[in-house]
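The chain contents come next:
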Amino acid sequence: LYTLMDTYIKNDVLSVQESIVNHVEYTIARSRYHFDDFEAYQATAYSTRDRLIESWNDTQQYFHDQDPKRVYYLSMEFLVGRSLLNALYNLNLKGLYREALEQLGYNLEIIKERERDAALGNGGLGRLASCFLDSMATENLPAWGYGLRYQYGMFRQTIQDGFQRENPDYWLTLGNPWEIERPNVTYPVSFYGHVSAREEDGRQIFVWNPAEQVDAVAYDNPIPGYRTANTINLRLWSAKPSREFDLESFNSGDYVASILEKQNAESISSVLYPDDRTYKGKELRLKQQHFFVSATLQDILRRYTAQHGSLENFSDKVALQLNDTHPTIGIAELMRLLMDVYKWGWTASWEATTKVFSFTNHTVLPEALEQWPVELLQELLPRHMQIIYDINWRFLQELRAKFGNDQAREYRMSIIQEGDEKMVRMAHLALVASHTVNGVAEIHSELIKQTIFEDFYEMYPKKFQNKTNGVTPRRWLAFCNPPLRNLINETLGTDAWISRLDLLEGLKSHADDGEFQSRWVEVKQLAKAKLAAKIKELCGVEVSTDALFDVQVKRIHEYKRQVLNILGIIHRYDQIRNMSEEEKADVVPRVCIIGGKAAPGYELAKRIIKLISAVSQRVNNDPAVGDLLKVVFIPDYNVSLAEVIVPGSELSQHISTAGTEASGTSNMKFAMNGCLIIGTMDGANVEIAEEIGDDNIFIFGALAHEVPKLRTERADLKVDDRFAHVVRLISSGEFGYADFFTPIVDAVQGSDYYLVANDFPAYLRAQDAVDRTYKNSSIWTRMSIMSVAGCGKFSSDRTIRQYATEIWGVEPCERPRPP
Ligand code: 26W
């Protein structure tokens, strides 16, 4: 039977063709004689899914039989992107499918473009979660991801007259072949109502009588590891009207009204919040969080008890990772489930809870820290509010035992923030209940101990760890950049580096080899040509591939300082247009590429997009400039676009005010693809400089420890003339819309919280160094090779191994390869 199982699907050209054609006919019900590219994509995806399911089933069975400790990664966001090529590559079936499709008259490279991105995340945090799943599968960890199946993912950005417009991303319209609906895996999730107490066996029992209930239905998404037989699961929850609840209202007479009211349930999982900057106390967001963690914990407890007969040893066999504070209400929910449903006492419940949870912080910006009004929590989740008060009461006892009567400290550290509107500080709850908290880069992990979590560091120093982020080298190098992959394979004589990225070090000895360098340049030119074609398609601008491709793509934020970039561009433009022809002959031509979404409610960020567009209009149409400078804003930056932009870039900007960017992960992707970095000593830039050598990166600007003082002295700063001049160009209407840009001008001329003026001269100097270096192709190429060679540390495989051993206590569980 085992043999039968493992050879069920045959992987040869004919079997693959048969499987694709069968799906055309029986799954999507089109004629097998006649299907278009989109239908070919769908059928190919279903055929690939069959192979994933086989591996998924056998992996889950193997985990069940081995019964290792498991880890669950809880995240409100997963920025998956496309799945087809990723799955085919990981299963080592890409060549086979390409050939099978070719004989049928289809081109894999063309049909893969028909897949829509799964954009269930905002940016860095969501993409990190997806890279982690890839690494957990590849490292054979007994892991699952849990999240929400939003019907509307991250909005689609269009640019009209230079302004951002947000369009709904109803990504499921044409179906999603990668998911498996599990109607039988459904849990009720409750809201509102009241709590009653009664005595039972001399002990107080609390009963929550909820007033609203919805069902959470599971959708499983197989995540294959790279060249391993393991396939893990990403389980996403979708909200459906409850089948059981509300029967009374049906009996009350208004049948149709009752049905319609129940439809509201689906709204809970309908839309991703597109804000990654400020916490806003939106009730629906809290509902989403509770819906997500309640279904997840019920599922984990149910599966555990199904296998073990009881919850015995639960906390030895389960680790739960909170991706930021977004799933933190799960701490109260686990306490509630253990006490109210499984009838455990407080002490045992608390012991288990604090043993399983750990928590990652992704930002030092205080405005992004979640706090929920007590009043809202009380109304929506009355039992949870009670539990949080109990946790806080015990925590404050502990605090007094340790530090004596220190009111100021209690006020700062309490889970409940006192004031006009009482608030629950979710980070404090997460810190109290987690056994470990980690930052996402060395500098960030140090900073949280000195700033936002200073008191907690004093109280629980051993809880604090660092886990420097990483990215999957599969999607972000091997699969998105085949020419570079092939060159590396040939040079190292192996492709083992794809899952052991440290091996890239072997490139160092070739860095000065002239012949190798020219092949390296060829590879980059190929990727630049692809990017240039994309720019033509999306922006209608023709760019020369002889120019230096300079890129900044990321969410639009003041702290990320796209404004510094655009002021630098204006300076460059102003210089060029005033040059003689001889002087122009000496200029390194540049294409400045900017992309990223602004949160719909972030007015200033939207003005920054308009400013970039206005500058590009002006520059691109100025005959005095020609090909020496082009500026493009690429609309709707997303994972799939990044897979084209990253390989085609030569210089990438990571220029946040030092101390503000927790890590950054695209910096790693760019460096991995031989793109040089211009950046501040912030986030993971610090470690990238350390790994690749600081002469292979363009570092500039104030250091994190200098920033607070510089802020207090900003009013007295003698502003650089060039800075004053470019700002004046904006405010005098050189690019039109002078009034509209006033808030941007005011921000950098006023308190200038992000120190744009301070860093401007150093930034220009660094850009000069870039130009000078670029003129010497051999030096530039050497730096590019050294960047790739030094990137081994930034594989998410390394990050995940550290989480597994230093936080989760989880070991690999590798399914034996079928014979
Ligand atoms: C409450 C609104 C909200 C939503 C999301 C606030 C903050 C967030 C995230 C924490 C924002 C985020 O994506 N942070 C990024 O996380 C990456 C992965 O660790 C880091 O590389 C980035 O530096 C950090 O900005």
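Residues numbered from 1 in each chain as written. Predicted model: local features only at pLDDT ≥ 70, side-chain atom pairs only at ≥ 80, totals over all residues.

What to know about the sheet that holds strand E14 (residues 371-373)
One open sheet holds the three strands; their spatial order is E14-E16-E15, and the pairing between them is antiparallel. Strand pairing shows two members of the sheet lacking a second neighbour, E14 and strand E15 (416-417), which therefore form its edges. In this structure, E14 lies alongside strand E16 (residues 423-425), joined through three bridges in antiparallel fashion. What sits directly across from Trp372, in E16, is Val424. (Pairing = 2+ DSSP bridges. Helix = DSSP H or I, 4+ residues; strand = E, 2+ residues; numbered from the N terminus.)

A few points about the packing of helix H23 (residues 562-577) against helix H25 (residues 603-620)
Viewed as axis vectors pointing N to C, H23 and H25 meet at an angle of 15°, and their least axial separation amounts to 11 Å. The pairing of H23 with H25 is recorded here as roughly parallel in orientation. Crossing geometry of H23 relative to H25 is assigned as left-handed. Of the residues in H25, those in contact with Gln562, Val563, Ile566, Ile569, Ile570 and Tyr573 of H23 are Ile608, Leu611, Ile612, Val615 and Val619. A class-by-class count of the residues in the contact of H23 with H25 yields 10 nonpolar, one polar and no charged. (Axes fitted to C-alpha atoms, helices over the stretch in contact; angles between N-to-C directions. Parallel < 35°, antiparallel > 145°, perpendicular 65-115°, else oblique. Left-handed = near helix turned anticlockwise from the far one by under 90°. Contact = placed C-beta atoms within 7 Å. Nonpolar A, V, L, I, M, F, W, Y, C, P; charged D, E, K, R; others polar.)

So, the environment of Glu643
The residue Glu643 is located in helix H26 (residues 639-648) in this model. Distance in space between the C-alpha atoms of Glu643 and Leu531 is 9.8 Å, their sequence separation being 112 residues.

Section: the pairing of strand E4 (residues 143-148)
Here E4 lies mainly inside the structure; six of its six residues are buried. A two-sided burial pattern is seen for E4, the buried positions comprising Ala143, Gly145 and Gly147 on one face and Trp144, Tyr146 and Leu148 on the other. In the sheet, strand E1 (residues 70-74) pairs with E4 via four bridges, with the strands oriented parallel. Bridge pairing in E4 links Tyr72 to Trp144. (Buried ≥ 20, exposed ≤ 12 C-beta atoms within 10 Å, placed from the backbone.)

A word on the site of the ligand
Surrounding the ligand, one finds 21 residues, the nearest of these being Gly124, Leu125, His362, Ala662 and Ser663. Each residue belonging to the shell around the ligand can be placed in one class, and the counts come to six nonpolar, 10 polar and five charged. When residues are assigned to domains, the shell around the ligand turns out to be shared by domain 1 (67-82 + 117-467) and domain 2 (474-802), each giving three or more. (Near = placed C-beta within 6 Å. Domains from an automatic or database assignment.)

Describing the environment of Asp12
As for its position among the elements, Asp12 is in the loop between helix H1 (2-6) and helix H2 (13-27). You can call Asp12 exposed: it has 10 C-beta atoms within 10 Å. A sequence separation of 81 residues divides Asp12 from Leu93, and the C-alpha atoms of the two residues are 9.5 Å apart.

Considering the domain arrangement of the protein
Structurally, the protein comprises domain 1 (67-82 + 117-467) and domain 2 (474-802). Placing a centre on the C-alpha atoms of domain 1 and another on those of domain 2 gives a separation of 35 Å. Of the residues lining the interface, 44 residues belong to domain 1; the matching set on domain 2 comes to 42 residues. Listed by contribution, the elements that provide at least two residues to the side of domain 1 that touches domain 2 are strand E2 (78-81), helix H7 (124-138), strand E5 (156-160), strand E6 (163-167) and helix H18 (442-450). Looking at which element gives the most residues to the side of domain 1 that touches domain 2, the answer is H7, with nine residues. In terms of residue class, the side of domain 1 that touches domain 2 is built from 17 nonpolar, 14 polar and 13 charged.

Here we look at the pairing of strand E10 (residues 212-224)
Counting buried positions along E10 gives 10 out of 13 residues, so the element sits mostly inside the fold. With 11 bridges joining them, E10 and strand E11 (residues 231-241) adopt antiparallel strand pairing. Paired with Ala216 across the bridge in E11 is Ala239. Counting the residues that bridge the hairpin from E10 to E11 gives six residues, and of these Arg227 lies at a positive phi of roughly 50°.

Description of the packing of H2 against helix H5 (residues 94-104)
The contact between H2 and H5 brings their axes to 9 Å, and the two run at 65°. Every pair of crossing elements has a handedness; the one defined by H2 and H5 is right-handed. When H2 is examined against H5, the residues Val13, Val16, Gln17 and Ile20 are found in contact with a partner set consisting of Leu96, Tyr97, Glu99, Ala100, Gln103 and Leu104. Among the residues forming the contact of H2 with H5, the class breakdown is seven nonpolar, two polar and one charged.

So, the nonpolar core
Counting residues in hydrophobic clusters, the biggest one holds 206 residues, and the most contacted among them are Trp237, Phe291, Leu429, Ala430, Val615, Ala671 and Val756. Residues lining this core come from more than one domain, with at least three contributed by each of domain 1 (67-82 + 117-467) and domain 2 (474-802). Setting aside residues no more than four positions away along its own chain, Ala671 makes contact with Ile677, Ile688, Ile692, Ser787 and Cys791. In this structure, Ile20, Leu88, Ala100 and Tyr106 belong to the second largest nonpolar core, which totals 22 residues. (Core = buried A, V, L, I, M, F, W, Y, C linked by C-beta atoms within 7 Å.)

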